[in-house]
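Here is what each chain is made of, one letter per residue.
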Amino acid sequence: MIIDCHGHFTTAPKALGAWRERQIKAFGEGVRVSPDELEISDDEIRAAIEDGQLKLQTERGTDLTVFSPGAGKMAHHYGDERTSLDWSRVANDLVARVCGLFPDRFVGACQLPQSPGDGLETSIRNSAAELERCVEELGFVGCLLNPDPSDGFYQAPPLTDKVYYPLYEKMVELDVPAMIHVAMSRNDALQGTCAHYLAGDTAAFMQLCTSDLFKDFPELRLVIPHGGGAVPYHWGRYRGFMQDKGLPPLEEAVLGNVFFDTCVYHRRGLELLLDVIPAKNVLFASEMIGAVRGVDPETGRNFDDVKFLLDGIDLTDEDRDAVYGGNALRVFSRLNTRGVTK
């Protein structure tokens, strides 16, 4: 089974975006919009998926996608903790409906109701509760964790700060991982998909390298998307830094808990990723119908057709099986309780 660990509902019906716009506007006017006001039919969901992600799954030969709300639309800086909670529940419930309509092709990962600034601590407690709801009631297998809920200005402490510990405790209790994924950028100096996303991946990895987080939570599992940002390219710099500071080697410090996905969109980049990072730490992912949607003139295939690129890379059968599905079954361990097998 080929498991894509990184998919977003980027093709959601327009009514979802319209509800969100009303919510943001209403908050500015001192009122709130009820989640009950959102109306989307099953037929609208089917059309969005069948003409989008499901069609590409079939064409490209993948079987199952770990599916979450659109990451860029999380936009945690809007409103307050209640705004984020309502928005997350609306987005997560919609993903749950996708998974209910296509149970053999999609399984959920939830958006967390994070908030920046003074609301961070409360929002982390809300995030732990929403994660529990999504896992226990909706059957989700993971979550998205934003390292920058200020959306481009990094006004929150690092992910290793104890303010996040209630969430990590819940993750370990529920046996689910988080994908570390920024949302939108409202900073003109940081373009979203190619600057903010990749910078966020890189910064989060450094936070993990220089902390005791995994001593406190040895069973915690985190996925860094987009090939780890700059991490594989600068592996020697990280190794040297850790050595200079008297810290444990990277393999000991982070690779027992941190994994990387294959949303790279470039064959040579994927070759570098798989040459530097052990295959047991790499999960297949495409983020299709996401940040990069065009056709690569060098290959004649869509940039996000990652399976096409990986199929052309020389791997042992064991490593290929691990990357395409075996690793996902270990990291997203609740997939096994849903009957997903190799």
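Everything numeric here is computed off the predicted structure, so don't read it as measured data. (Residues numbered from 1 in each chain as written. Predicted model: local features only at pLDDT ≥ 70, side-chain atom pairs only at ≥ 80, totals over all residues. Heavy atoms only, no water.)

Asks: Looking at this model, I keep getting lost on helix 6 (residues 165-174). Mind explaining?
Replies: Residue pairs three or four apart in sequence face the same way in an α-helix, which turns once every 3.6 residues. Turning to helix 6, its buried residues number three or more, namely Tyr165, Leu167, Tyr168, Lys170, Met171 and Leu174. Here the buried face of helix 6 lies against helix 5 (120-138), strand 4 (142-145), strand 5 (178-180), helix 8 (213-216), strand 6 (222-224) and helix 14 (334-337). Following helix 6 by one or two positions, aspartate 175 adopts a phi angle in the positive range, close to 60 degrees. (Buried < 20%, exposed > 50% of the residue type's maximum accessible area, 1.4 Å probe, protein only. Helix = DSSP H or I, 4+ residues; strand = E, 2+ residues; numbered from the N terminus. Contact = heavy atoms within 4.5 Å.)

Asks: Can you help me understand the state of the cysteines in this one?
Replies: By definition, a disulfide links the sulfur atoms of two cysteine residues through a covalent bond. One pass over the structure, following the stated rule, counts 0 disulfides. Cysteine cysteine 143 is unpaired, with the sulfur of cysteine 110 as its nearest cysteine sulfur at 5.2 Å. Given a relative accessible area of 2%, cysteine 143 falls into the buried group. Counting only cysteine sulfurs, cysteine 5 is the nearest neighbor of cysteine 209, a cysteine outside any disulfide, at a range of 20 Å. Exposure remark for cysteine 209: the relative accessible area of 4% places this residue in the buried category. (Disulfide = S-S within 2.5 Å.)

Asks: Help me out: how do you make sense of the sheet that holds strand 3 (residues 106-111) in this one?
Replies: With respect to topology, 8 strands assemble into an open sheet ordered 1-2-3-4-5-6-7-8, the strand pairing being parallel. The open sheet is flanked by strand 1 (3-8) and strand 8 (282-283), the only strands paired with a single partner. Pairing of strand 6 with strand 7 (residues 258-261), which is carried by 3 bridges, proceeds in the parallel orientation. Counted as the bridge partner of valine 223 is phenylalanine 259 from strand 7. Docked against the sheet, helix 4 (residues 81-101) engages strand 2 (64-68) and strand 3, running at close to 175 degrees with respect to strand 3. (Pairing = 2+ DSSP bridges. Axes fitted to C-alpha atoms, helices over the stretch in contact; angles between N-to-C directions.)

Asks: How do you make sense of the pattern of salt bridges when you look at a structure like this?
Replies: Two side chains with opposite charge may pair up if their charged atoms get near one another. Under the definition given, this model contains 16 salt bridges. When the shortest N-O distance is used, the salt bridge between arginine 32 and aspartate 80 registers 2.8 Å. Within this pair, whereas arginine 32 is found in the loop between helix 1 (14-28) and helix 2 (42-50), its partner aspartate 80 is found in the loop between strand 2 and helix 4, the two being separated by 48 residues in sequence. Glutamate 173 serves as the salt-bridge partner of lysine 170, at 3.3 Å between the closest nitrogen and oxygen. Of this pair, lysine 170 and glutamate 173 both sit in helix 6, 3 residues apart, which is roughly one turn of that helix. It is possible to trace a salt-bridge network through shared partners that takes in Arg89, Asp93, Glu130 and Arg133. (Salt bridge = Lys/Arg side-chain N within 4 Å of Asp/Glu carboxyl O.)

Asks: Could you clarify how one ought to interpret the packing of helix 7 (residues 192-209) against helix 9 (residues 235-244) in this entry?
Replies: When two helices pack together, their arrangement is given by the angle between the helix axes and the distance between those axes. Viewed as axis vectors pointing N to C, helix 7 and helix 9 meet at an angle of 25 degrees, and their least axial separation amounts to 12 Å. Between helix 7 and helix 9, the angle falls in the class roughly parallel. Crossing handedness for the pair helix 7 and helix 9: right-handed. Where helix 7 abuts helix 9, its residues Thr202, Phe205, Met206 and Cys209 lie against Trp235, Tyr238, Phe241 and Met242. Of the residues contributing to the contact of helix 7 with helix 9, the split by class is 7 nonpolar, 1 polar and no charged. (Parallel < 35°, antiparallel > 145°, perpendicular 65-115°, else oblique. Left-handed = near helix turned anticlockwise from the far one by under 90°. Nonpolar A, V, L, I, M, F, W, Y, C, P; charged D, E, K, R; others polar.)

Asks: Looking at this model, I keep getting lost on the nonpolar core. Mind explaining?
Replies: Core analysis: the biggest nonpolar cluster contains 105 residues, and Leu131, Tyr168, Phe205 and Val254 have the highest contact counts within it. Considering every element that reaches this core, the biggest residue donor is helix 4, with 7 residues. Setting aside residues no more than four positions away along its own chain, phenylalanine 205 makes contact with Ile224, Val231, Trp235, Tyr238, Leu250, Val254 and Phe260. (Core = buried A, V, L, I, M, F, W, Y, C linked by side-chain atoms within 4.5 Å.)

Asks: Honestly, unusual backbone geometry in this entry has me stumped. Any pointers?
Replies: For residues that are not glycine, phi is negative in most cases, and the peptide bond is trans in most cases. The phi angle at tyrosine 265 is positive, at roughly 70 degrees, despite the residue not being glycine. Positionally, tyrosine 265 belongs in the loop between strand 7 and helix 11 (267-276). A positive phi angle is found at isoleucine 289, which is not glycine, with a value near 55 degrees. Inspection of the secondary structure assignment puts isoleucine 289 in the loop between strand 8 and helix 12 (306-311). Residue classification places isoleucine 289 among the buried residues on the basis of a relative accessible area of 13%.

Asks: Which parts of the structure should I look at to understand the side chain of aspartate 151?
Replies: For aspartate 151, the position within the fold is in the loop between strand 4 and helix 6. Nearest to the buried, unbridged aspartate 151 among oppositely charged side chains is arginine 186, at 5.2 Å. Here histidine 76 takes part through its backbone nitrogen, which lies 3.0 Å from a polar atom of the side chain of aspartate 151. Residues contacting aspartate 151, with those up to four places away along its chain left out, are Ala75, His76, His77, Asn146, Ala183, Met184, Ser185, Arg186, Asn187 and His196. (Lys, Arg positive; Asp, Glu negative; His and termini not counted. Polar contact = N/O pair within 3.5 Å; in protein donor to acceptor, adjacent residues only side chain to side chain.)

Asks: For this particular structure, what's the right way to read the packing of helix 2 against helix 4?
Replies: Running from N to C, helix 2 and helix 4 point in directions that differ by 75 degrees, and their axes come no closer than 10 Å. Accordingly, the angle class assigned to the pair helix 2 and helix 4 is roughly perpendicular. Of the residues in helix 4, those in contact with Asp42, Ile45, Arg46 and Ile49 of helix 2 are Leu94, Arg97, Val98 and Leu101. Across the contact of helix 2 with helix 4, the residue classes break down as 5 nonpolar, no polar and 3 charged.

Asks: When you look at the pairing of strand 7 in this model, what are you seeing that I'm missing?
Replies: Consecutive side chains of a regular strand alternate in pointing toward one face of the sheet and then the other. In strand 7, alternate side chains face the same way, and those of Val258 and Phe260 on one face and Phe259 and Asp261 on the other are all buried. Bridging between strand 7 and strand 8 involves 2 bridges; their strand directions are parallel. Residue pairing for strand 8: aspartate 261 is matched across the bridge by leucine 283.

Distances and angles like these do not, on their own, reveal function.
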